Amino acid sequence: MSYPRIRPRRLRRTPALRRLVAETRLDPAELILPMFVREGLTEPRPISSLPGVVQHSRDSLRKAAAEAVQAGVGGLMLFGVPAERDATGSGGIDPAGILNTAIRDVVAEVGDATVVMSDLCLDEFTSHGHCGLLTPAGDVENDATLRAYAEMALAQATAGVHVVGPSGMMDGQVAAVREALDVAGFTDVSILAYAAKYASAFYGPFREAVESALDGDRRTYQQDPANLRESLREVALDVAEGADMVMVKPALPYLDVLAAVRAAVDVPVAAYQVSGEYAMVEAAAANGWIDRERVMLETLTSIRRAGAQMILTYWAVEAADLLRRTG
Ligand code: PBG
């Protein structure tokens, strides 16, 4: 019997050896915390399908933003939940709307200590829940929606946001937003494009978080989960239109897409670990079926390894604390 001379196990022998040869590391600076703020709340309100995540009041949002900065997270992604909605989503454009107000609040609180980002989409503000404007027949109208996104981008930039995140999957949305920002002199505001965004059932709990009014689905604008090459086309278009960073969403079920996008472009690539990904782990952990913290870090590590440089995750603050403690 011959014994192996080459033994990969030698490098796994002690924690110090494993740490030395680790190919992927997580850093709090790469984690982005999505946050919800609900118009009219005086206290934060829990979201039952996202244990540990809340709809913030304006006050609690400011406090939580400051805590996230303390934890060292790389950025905050703000979502607004208005008290009233209408067919054109005017609350997203109104400077006094909840999201634009929240941007001003958070920027006043944290300044440049972290990167303040905002969701640029109409779905939280429309009475029908779609990401764009509808034709009389009920179809989502691409080019009219672009004009609304351009106005929304200006409102968010005026409120002081560092990065806008167009997430509606309209054709030409990055170009429309870039042009509107540049013409108005906001050449320094960056675009994190939701470039490859799938029509995913993993967004379920998010719909509760934003009290979505959607009846139906988004399959005429979000991508078919069956497709990968289509993502490369979407990403190439967004980069050509001026995206500073691109995102793949959801994350864990789309690691192959993430790896392909990483290989195809030079701009920073982000992944969004979405509400359903988070909720599945929380539910299994609450039942005692999995080790919550280990699964949390394993999912984040996998998403990094596949090619995401930045990760949007509802665990951002907790994971950042954990990483600092366990180093
Ligand atoms: C659209 C938007 C959605 C999410 C982020 N931005 C919902 C959708 O496209 O239906 C989902 C995020 C999550 O599930 O955590 N504004």
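Look up a bit, the structure's there.
To keep things clear, this report deals only with the structure shown in the data block. (Residues numbered from 1 in each chain as written. Predicted model: local features only at pLDDT ≥ 70, side-chain atom pairs only at ≥ 80, totals over all residues. Heavy atoms only, no water.)

**A look at the side chain of Glu282**
So, point 1. Locating Glu282 in the fold gives a position in helix α9 (residues 275–286).
So, point 2. Among the residues examined, Glu282 registers a relative accessible area of 9% and is labelled buried.
So, point 3. One polar contact links Glu282 to Trp315, side chain to side chain, over a distance of 2.9 Å.
So, point 4. In this structure, Glu282 is in contact with Pro51, Arg292 and Trp315, ignoring residues within four places of it in sequence. (Helix = DSSP H or I, 4+ residues; strand = E, 2+ residues; numbered from the N terminus. Buried < 20%, exposed > 50% of the residue type's maximum accessible area, 1.4 Å probe, protein only. Polar contact = N/O pair within 3.5 Å; in protein donor to acceptor, adjacent residues only side chain to side chain. Contact = heavy atoms within 4.5 Å.)

**Here we look at the packing of helix α2 (residues 58–71) against helix α3 (residues 98–110)**
So, point 1. The interhelical angle for the contact between α2 and α3, taken along N-to-C directions, is 45 degrees, at an axis separation of 9 Å. Between α2 and α3, the crossing angle belongs to the class labelled oblique. In this structure, the crossing between α2 and α3 has a hand that is right-handed. Mapping the contact onto sequence places Arg58, Leu61, Arg62, Ala65, Ala66 and Val69 in α2 and Ile98, Thr101, Ala102, Asp105, Val106, Ala108, Glu109 and Val110 in α3.
So, point 2. Along the lines of polarity and charge, the residues of the contact of α2 with α3 split into nine nonpolar, one polar and four charged. (Axes fitted to C-alpha atoms, helices over the stretch in contact; angles between N-to-C directions. Parallel < 35°, antiparallel > 145°, perpendicular 65-115°, else oblique. Left-handed = near helix turned anticlockwise from the far one by under 90°. Nonpolar A, V, L, I, M, F, W, Y, C, P; charged D, E, K, R; others polar.)

**Concerning the packing of aromatic side chains**
So, point 1. Following the criterion strictly, the structure yields nine aromatic pairs and no others.
So, point 2. Residues Phe79 and Phe206 carry aromatic rings whose centres are separated by 5.2 Å and whose planes lie at 80 degrees to one another, so their mutual orientation is edge-to-face. You can see Phe79 sitting in strand β4 (residues 75–81) and its partner Phe206 sitting in helix α6 (residues 204–209), a full 127 residues away along the chain.
So, point 3. Given a relative accessible area of 12%, Phe206 falls into the buried group.
So, point 4. Plain terms: the ring middles of Tyr278 and Trp315 are 4.9 Å apart, the flat faces sit at 45 degrees to each other, and that makes the pair tilted. Taken together, the residues span a long stretch of sequence, with Tyr278 in helix α9 and Trp315 in the loop between β10 (310–312) and α11 (316–326) at a distance of 37 residues. (Phe/Tyr/Trp six-rings, centres within 6.5 Å; stacked < 30°, edge-to-face > 60°.)

**Description of the site of the ligand**
So, point 1. For the ligand, the set of nearby residues contains 17 residues, the closest of which are Asp123, Arg207, Lys249, Ser275 and Tyr314.
So, point 2. Take Ser167: an N or O atom from its side chain is 3.4 Å from a nitrogen atom of the ligand.
So, point 3. A distance of 2.8 Å separates an oxygen atom of the ligand from a polar side-chain atom of Arg218.
So, point 4. For the ligand, whose free accessible area comes to 410 Å², the fraction covered by protein is 100%.
So, point 5. When the residues that make up the shell around the ligand are grouped by side-chain class, the tally is seven nonpolar, three polar and seven charged. (Near = heavy atom within 4 Å. Areas by Shrake-Rupley, 256 points an atom, 1.4 Å probe, with all protein chains shown as cover.)

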